[in-house]
Amino acid sequence: MAEPADRPSTAGQRLGAPESFGVSTLEPGLRPQAAAAAAAGGGRHVSIRVQMLDDTQEVFQIPQRSPGKVLFDQICVHLNLVEGDYFGLEYTDQRKMTLWLDLLKPTLKQIRRPKNTILRFVVKFFPPDHTQLMEELTRYLFALQIKRDLACGRLICNDTSAALMVSHIIQSEIGDFDETQSWQHLLHNKYLPDQDAIRDKITECHRKHVGQTPAVSDYQLLEIARRLEMFGIRLHPAKDREGTKLSLAVAHTGVLVFQGYTKINAFNWSKVRKLSFKRKRFLIKLRADPANAHHDTLEFAMASRDCCKIFWKICVEYHAFFRLFEEPKPKPKPILFTRGSSFRFSGRTQKQIIDYVKDSELKKVPFERKHSKVLSNSSVSPQSSSFRSQVPKESAISVQVVDQPDSARLGHAPESNGSKELAAAAAASANGFHDIPAAPGSDPPPSRQNHNGSGSAFLNPDSPGSEDSPVGGPHVVVNGNGPVNGQGSGCAGILGPGPEGQQLSPLTSPLLTDAGCIRNDDEEEARRKKFPTDKAYFIAKELLTTERTYLKDLQVVTESFRGFVGKGEGFPESLKTLISSSYDPVHKFHQGFLKEVEQRLAQWEGRSNAHIKGDYQRIGDVLLKNIQGLRQLTVHLQKHSECLVELERACRSNRKVEALCRDLEQQRVCYLPFNIFLLRPLHRLLHYKLILERLCKHYPPTHEDFRDCRAALADISEVALQLQGTMMKMENFQKLLELRKDLTGIDNLIIPGREFIRLGCLSKLSGKGLQQRMFFLFSDSLVYTSRGMTPSNQFKVHGQLPLYGMTIRESEEEWGVPHSFTLFGQRQSVVVAASCAAEMEQWVEDIRMAIDLAEQSSSQNADLLSTSLTDNKLSEDGGAELESEEELCGSRSSLERQGHRGNTTVHVCWHRNTSVSMVDFSIAVENQLSGNLLRKFKNSNGWQKLWVVFTNFSLFFYKSHQDDYPLASLPLLGYSVTVPSESENIHKDYVFKLHFKSHVYYFRSESEYNFERWMEVIRSATCSASRSLPSTRKDLY
């Protein structure tokens, strides 16, 4: 790794480290060695060899009496590395023990034979989230560390993860896949101990990385590695009290216990009160837990006292680095005697690193990738400036991976008399350590002395982040918006930024929030005037608007339905309990979710808490937190299908229940069939998935919100996949229920294995010519009907054609009828004609598919109709008169079952002479949309602002989103959506036009994104999906 000749900034400006012994006084043009010598006041120098992560060796000149920090700073200057505090220098002493170089002690007192010792510059502190690494160079060095750990067998993982990680390493080194080059590269380079066994899998993964830059490859490599249990783990052999061989390790969460390569226990920092060692025994003292009857002190035997001390030191450093706000101050020197170890953490904490990089406008500096043959401009970081200027945030997905880390940090108190005290709220005491504000209501514990000559560490039981804290450790506030890991909602007041620039409460994790500085009035006023233009904002706003509609739909089930069944008698109590227990928790959860989304959008727009500068221009963290909460409700979502089935069963067996449901559907609040509201929670999962897919597509991989969105997308995809089978079955079942209400003369429509495929208008050729008929295609039969003239508006079944053994043939030339085709059944043949060529193509395609399904079934299904075909089949000569007479004298049961149903999808298809398939219904489920639109009629002058909801192939109009029921609706089947022409004199932006025959409507949206979304979803309703979208429903999920 060579040093660039021309640097845009001096190393002192980039490092920003206090008391750098030569780094801060480095002048432009001076070599690091010369500067260090000048700072140290001259004298004899010694050469130290350091092996870098790219396997190169560099020689550095340091004064003989200089501390280790001088050498370490020289290395950081040489690499031009800003985030150097994540790294350390390790070496092997004469006892063959691996040690970390203490930056406060003289280097030559630690390395007895500098000529024979090679120090290794490696990663020392592994953060839980690689997006906390701001610079590309830092991520590159971490990638080199992972590469080394894989090669030596330290990073244990399965073959799939290993192959994927190696493929990213190869992509960064040789670029896009070339079979010969990649194969040769694998032959000459060893990335895994058993690389040959999975070589084919590596090359297969490498094929998929075409166009991926080295920076992106590093990012993807870290994304995979951080999820592994052994990521960043350095095992220290030990034994428990029974003599069982174990290994101890430390991570940012606390102390871990491994048996082999399996983690068997973890002691979180919030539960550890004291870490100490005495001779060969390493002691972990836990805070008292009344619910736990085990010993509060755990003892592990290590090989020697030195092994204990080495592990104790790295524990102290890990705790300080990840959980303190700033570097602990040194204790005052004792007057007479010294007792215990004087060791303390030296360097910047992770909080200080993030704050420094965030607040400093550092220039991108090019660096050389030693092993990479890919030409890339490394001076351009994949992270945008906005990403660098914001504090990276730890998401809930990383919490799962790293074994539930605390979201708030503990303070740090120094060691006294051989003990290391880690107290979050240490009072000003004789040890001279820096005070950290304590949690409200907590008292600082007294300083403890240890005279046994061993090291120890104390944790305050009332410290922020601990489970016993009065304010509740798990409840972490992000930018004042609400808790990340806890339940319930947070508020900005919890942050409590003190006056006169005082530090925020330790409740707010440095990793999760901004500094909380005050925004001046001019800046705020300018921001309020500037409307957000980022596409991510409008995607987040779509989430908000559709969530409002979804919550209203849930209220139909939890409030309106409950009110109706409460008034009536005879409704089964078991069914009431089932529906309430299944939907009430979901409704309550989404109420909280909606509040969080509203608050985030208000902050994004500058309408709420705008005086607090925070990282609020994102939505992925809110989605990730709530989707993980939604996963806990999967057991309730799985019962929704049971609710639908049990309700239908109750309606068929109890006329009172049927009447209650019918009366409910007559209410204006129930603007859709009630069964659709029961399936809304399952449909909403698909909406979240599509919103997250758009966010992930919009964000670059290095955007700060990309990781949260991708993690949320993975979670919601898993839930949707888990419920996919139930969702498809219930959609089909619900559609059969709706069709049963629209049809008369049929009793056994719903039978196991029957699937709905398409419904629509076709003209049937008879002795009187072409007559309009409504056709219903199922997986086993084709039913044709005509529309009744009675108040029930039901369709009377004329007959059916079993699909088993049916053939189809185009017969336009034979009969002289445009767009006609003949269906040849086993008992009869039917000639039908479609309204256009496209309609005919869709019908023929779906009928042939249905015939194939019927042929694959083991046996021919029973007749669909409840009576014989000869009884129901009408003579085409006297059909009209017979139909009218039967419909006027329709059965009482049919009329009682049915209220007015003149606006269902079946009736719209009848009036507009079109058809709809099950694929179209599935797409309509996904393409639901809500929001404000301005509406204008063809001959009107003004625009009217309305809240518009698109669902079920229709637009529903409200005065505002707070209204309980729509004012009007507009079915869109048969409509065309276009952009107004110049001749229409619509001189406005983002306007689209809906027209059907002489009916014309204009709608105006607020942004280009909203305009495109409305056009997209309306086209999905006005244009049949069969022309351009997948022909099977499974392809949609």
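Just so we're clear, the structure is a prediction, and the values are computed from it rather than from any experiment.

## Things to note about the confidence of the model for the protein
Then, number 1: Put simply, the protein has an average pLDDT of 75, and 71% of its residues get 70 or more.
Then, number 2: Under a pLDDT of 50 for its full length, residues 608–613 has, in the predicted model, 18 contacts with residues more than four places off or in other chains.
Then, number 3: Predicted confidence is poor over residues 860–901, with pLDDT under 50, and the contacts of this stretch with residues over four places away or in other chains come to 80 contacts.

## A short note on unusual backbone geometry
In terms of backbone geometry, most residues other than glycine have negative phi values and most peptide bonds are trans.
Then, number 1: Positive phi, close to 65°, is recorded for phenylalanine 953, a residue that is not glycine.
Then, number 2: Structurally, phenylalanine 953 can be placed in the loop between strand 25 (944–951) and strand 26 (954–958).
Then, number 3: On the accessibility criterion, phenylalanine 953 (3% relative accessible area) is buried.
Then, number 4: For tyrosine 990, which is not glycine, the phi torsion reads 60° and is therefore positive.
Then, number 5: According to the relative accessible area criterion, tyrosine 990 is partly exposed, its value standing at 33%.

## Quick notes on empty space enclosed by the protein
Then, number 1: If you walk through the whole model with that rule in mind, you get 14 cavities of 30 Å³ or more.
Then, number 2: In this model, the second largest cavity occupies a volume close to 180 Å³.
Then, number 3: Every residue lining the second largest cavity is counted, 14 residues in all, and those nearest its centre are His683, Gln734, Phe921, Val925 and Asn952.
Then, number 4: The set of elements that each furnish at least two residues to the lining of the second largest cavity consists of helix 22 (680–698), helix 23 (706–742) and helix 30 (918–926).

## Comments concerning the sheet that holds strand 2 (residues 57–63)
Paired through backbone hydrogen bonds, the strands of a sheet run either parallel or antiparallel to each other.
Then, number 1: The sheet built from five strands is open, its strands ordered 2-1-5-3-4 with mixed pairing. The strands lining the two open edges of the sheet, one partner per strand, are strand 2 and strand 4 (98–100). Each strand axis lies, on average, 40° off the axis of its neighbour in the sheet, ignoring direction.
Then, number 2: Looking at chain direction, strand 1 (residues 45–51) and strand 2 are connected through seven bridges and run antiparallel. When the sheet's bridge partners are listed, valine 50 is paired in strand 2 with glutamate 58.
Then, number 3: Sheet strands in contact with helix 3 (residues 68–79) are strand 1, strand 2, strand 3 (87–92) and strand 5 (118–123), and its direction is about 135° off that of strand 2.
Then, number 4: Its contacts with the sheet place helix 5 (residues 136–151) against strand 1, strand 3 and strand 5, and it is angled at close to 110° to strand 5.

## With respect to helix 20 (residues 655–665)
Since there are 3.6 residues in each turn of an α-helix, residues three or four apart along the chain are aligned in direction.
Then, number 1: For helix 20, the full list of buried residues reads Val657, Glu658, Leu660, Cys661 and Leu664. Burial along helix 20 is one-sided: seen end-on, the buried residues are contained in an arc of 160°. Along helix 20, the residues that are exposed and aim more than 90 degrees away from the buried face are Arg655 and Lys656.

## Looking at the sheet that holds strand 27 (residues 968–971)
Then, number 1: Taken in spatial order, the seven strands line up as 27-26-25-24-30-29-28 in an open sheet, and their pairing is antiparallel. Both outer strands of the open sheet, strand 27 and strand 28 (976–978), are each paired with one neighbouring strand and no more. On average, each strand axis in the sheet is tilted by 35° relative to the strand beside it, whichever way the strands run.
Then, number 2: One ladder, built from six bridges, connects strand 29 (residues 991–996) with strand 30 (residues 999–1004); its direction is antiparallel. Across the sheet, lysine 993 pairs through a bridge with tyrosine 1002, a residue of strand 30.
Then, number 3: Sheet strands in contact with helix 15 (residues 535–567) are strand 24 (929–937) and strand 25, and its direction is about 90° off that of strand 24.

The rules behind these values
- Per-chain numbering applies: the sequence of each chain, read as written, is numbered from 1 onward.
- Only residues with pLDDT of at least 70 get local features here, since the model is predicted, and only at 80 or more are side-chain atom pairs given and counted; chain-wide, interface and lining totals rely on the full set of residues.
- To obtain the side-chain values, all non-hydrogen atoms of the structure were used and water was disregarded.
- pLDDT measures how confident the predictor is about each residue, on a scale from 0 to 100.
- Any pair of residues with heavy atoms lying within 4.5 Å of one another is described as a contacting pair.
- Secondary structure elements follow DSSP: runs of H or I of four or more residues count as helices, runs of E of two or more count as strands, with numbering from the N terminus.
- Whether a residue is buried, partly exposed or exposed follows from its accessible area with a 1.4 Å probe, protein chains only, as a fraction of its type maximum: under 20%, in between, or over 50%, in that order.
- A cavity here means a set of 1 Å grid points, computed over protein atoms only, where a 1.4 Å probe fits but cannot escape. A pocket is an open set with protein on both sides within 12 Å along at least 5 of 7 lines, and lining residues have an atom within 4 Å of a point.
- Grid points are joined across faces, edges and corners, and a volume is the space filled by probe spheres set on the points.
- The pairing criterion for strands is at least two bridges between them, as found by DSSP.
- In this description, a line fitted to the C-alpha atoms serves as the axis of each element, helices being fitted only across the stretch in contact, and the angle between N-to-C directions of two axes falls anywhere from 0 to 180 degrees.
- The arc in question is the one traced by the directions running from the helix axis out to the C-beta atoms.

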